[in-house]
Amino acid sequence: MKKQLNSDTDPYVDYYPDRHRVYQFGWSGTGWHHLDKAGAPIADWAHNERGDYTGGHGVNASRTDAGQSLFLKSVGTTQPTTTQPPSPARYEAETAVCQGTVDSDHVGYTGTGFCNTTNAAGAYVEWTVTAAAAGAHTLTFRYANGSTGRPADVSVNGGVVADDLAFPSTGAWTTWRTVTTTATLTAGSNKIRVTASTAGGTANLDNLVITAAASPSDVVDVSTSDQLRSALANARPGRTIRMAAGTYRGSFLSRKAGTASAPITLTGPRNAVLINDGPSGTAPSCPAPTAGWDTGYGLWLFDAPYWNLTGFTVAESKKGIVLDNSHHVTIDSVHVHHTEEEGVHFRRSSADGVLKRSRIEQIGLVKPGYGEGVYIGSANSNWGCLGNSGGMDRSDRVQVLDNHLGPNVAAEHIDIKEGTQGGVIRGNTFDGRGLSGQNSADSWIDAKGNNYVIEQNRGTFTGPGTFVNGYETHNPITGYGCGNIWRSNTSDLGGVGNYAVYVSSTSKCSSAPNKVYASNTVSNARTGLTNIPVTP
Ligand code: GCU
Ligand code: CA
């Protein structure tokens, strides 16, 4: 489709340039989904037209069609058959059965008024609500009570779920508060009644909000490639996708977002192995999920923040694990090996990621110069594709902790790209055997970002391989490759490496110098710990 990007007078430009993709508005892939911005439902389409609602914000873009027309012959495999009300859903008392009067004389209510029941025991308000699925729900009643306590029984479909639920005084008829209780609702329509227990009637009732309780265990077990592919496509916040041991071949992609409080987990034992024999098809000019193109990546999260990836193995793929615009992804205890290019890539501003307790080896088998173990950000030459709207790939604050890298990681064990900042590289082991020397891959780490803390790592080098320094800084663009610090690292340069930490320019970082602390140690160096003055 075409779209004006910034103002109403802009030209219409191609947006979502994939003409085979189907954009379903108000659909999450499994259910009704209100269009939202950062999780907050938009109130109105007006002034919100320019938002991007794909990636879990109410526009499902996971399906493609062979046709290139708005008038499609088919739309994938599953049709949305029902629409469901959003959860939470708010039901006003003025639209419920109100044994009394609907009043509006006390300000602060929502909707057009509230229910003032007759002052008598047995007077009630009854809502008819719709639950998307059977199960536990929270019922939140908004009320005001300028009198003393007005207890009431809450019933669902005739059965009492809360006996004499307290509606204490709020101090004034214009002061509105909520009380909650939980109840099991059936799928579809439910009648929820609040019946006065005492002669005063109920408090004035304003509305009822129904929230489906998070399902206590939302676990999807998979044991075949097709099941895994479908589970990734249909993931939702809070869900755990649990892989059985076995080999999963093919292209594995998710575009589903978790949330901070309900991340999505993909987990499996070490002998659950993802293998992608691709790539195949024609790649678009910038990497994005495209019908007919298999990236060859072992696992790809695209616009999919808040995931946990734990335990499993990715092997024999073009690249290992690639995150694009997928922030807050934690990768724990995985094994990535035998890839043609890089092992784990935090890309397209995938900030706040963590890679820990993982093993990465035999990387860059086909393109040694692109065989980084861990790749944070993108080279500035690729920002046209992989940069964010401000231009850079800001895969910031990535933490690489307690991993074992090497041997035979052909390029840098960790390549910290210009444009990124604030990461932590701690507690890792670098086994430099097999560093290729291609594309200047002759150190465990190239530090081209800013303000990284690199500490408590242990590096070694023995041949075969090309090794010049343990760690190097570079300044490919002005203002980057600065302010990084090295503390308490142990470096054994095997009689081959010059310095543990080689700082290529101090003048380019005069306002934010790189610092190498005296707590670092070096052994078997040809020259020493570092080429700059050591910070005490
Ligand atoms: C007052 C108040 C009503 C309330 C009633 C009551 O009349 O204005 O809104 O319902 O007291 O005690 O129930
Ligand atoms: Ca009343």
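Computed from a predicted structure; not experimentally measured.

1. Comments concerning the UniProt feature "domain: CBM6" (unreviewed entry) in the protein
Within this structure's numbering, the places UniProt gives as "domain: CBM6" (unreviewed entry) are residues 89-211. From the first C-alpha to the last, residues 89-211 spans 7 Å; its make-up is 0% helix and 58% strand.

2. Some remarks on the packing of aromatic side chains
The full count for this structure, using the stated rule, is 15 aromatic pairs. With 6.2 Å between their ring centres and 80° between their planes, F430 and Y471 make a pair best called edge-to-face. Placement of F430 in strand β38 (residues 429-431) and of Y471 in strand β42 (residues 471-473) is noted, with a sequence separation of 41 residues between them. Exposure remark for F430: the relative accessible area of 0% places this residue in the buried category. Ring geometry for W444 and F467: centres 5.2 Å apart, planes at 45°, overall tilted. In this pair, W444 is assigned in the loop between β38 and β39 (445-447) and F467 in the loop between β41 (458-460) and β42, connecting sequence segments 23 residues apart. Aromatic rings pair up to connect F430, W444, F461, F467, Y471 and W486 into one cluster. Positioned above the aromatic ring of Y124 is the side chain of R193, whose terminal nitrogen or guanidinium carbon lies 3.6 Å from the ring centre.

3. Focus on the site of ligand 1
As a matter of local geometry, ligand 1 sits amid H106, N116, N119, R150, W173 and N204. The side chain of H106 places a nitrogen or oxygen atom 2.7 Å from an oxygen atom of ligand 1. In this structure, an oxygen atom belonging to ligand 1 sits 2.7 Å away from a side-chain N or O atom of N204. Looking at side-chain class alone, the shell around ligand 1 contains one nonpolar, four polar and one charged residues.

Definitions and limits used
- Residues numbered from 1 in each chain as written.
- Chains lettered and ligands numbered in written order.
- Predicted model: local features only at pLDDT ≥ 70, side-chain atom pairs only at ≥ 80, totals over all residues.
- Heavy atoms only, no water.
- UniProt positions renumbered as here; feature names shortened; annotations may be inferred.
- Helix = DSSP H or I, 4+ residues; strand = E, 2+ residues; numbered from the N terminus.
- Phe/Tyr/Trp six-rings, centres within 6.5 Å; stacked < 30°, edge-to-face > 60°.
- Buried < 20%, exposed > 50% of the residue type's maximum accessible area, 1.4 Å probe, protein only.
- Lys NZ or Arg CZ within 6 Å of the ring centre and 35° of its normal.
- Near = heavy atom within 4 Å.
- Polar contact = N/O pair within 3.5 Å; in protein donor to acceptor, adjacent residues only side chain to side chain.
- Nonpolar A, V, L, I, M, F, W, Y, C, P; charged D, E, K, R; others polar.

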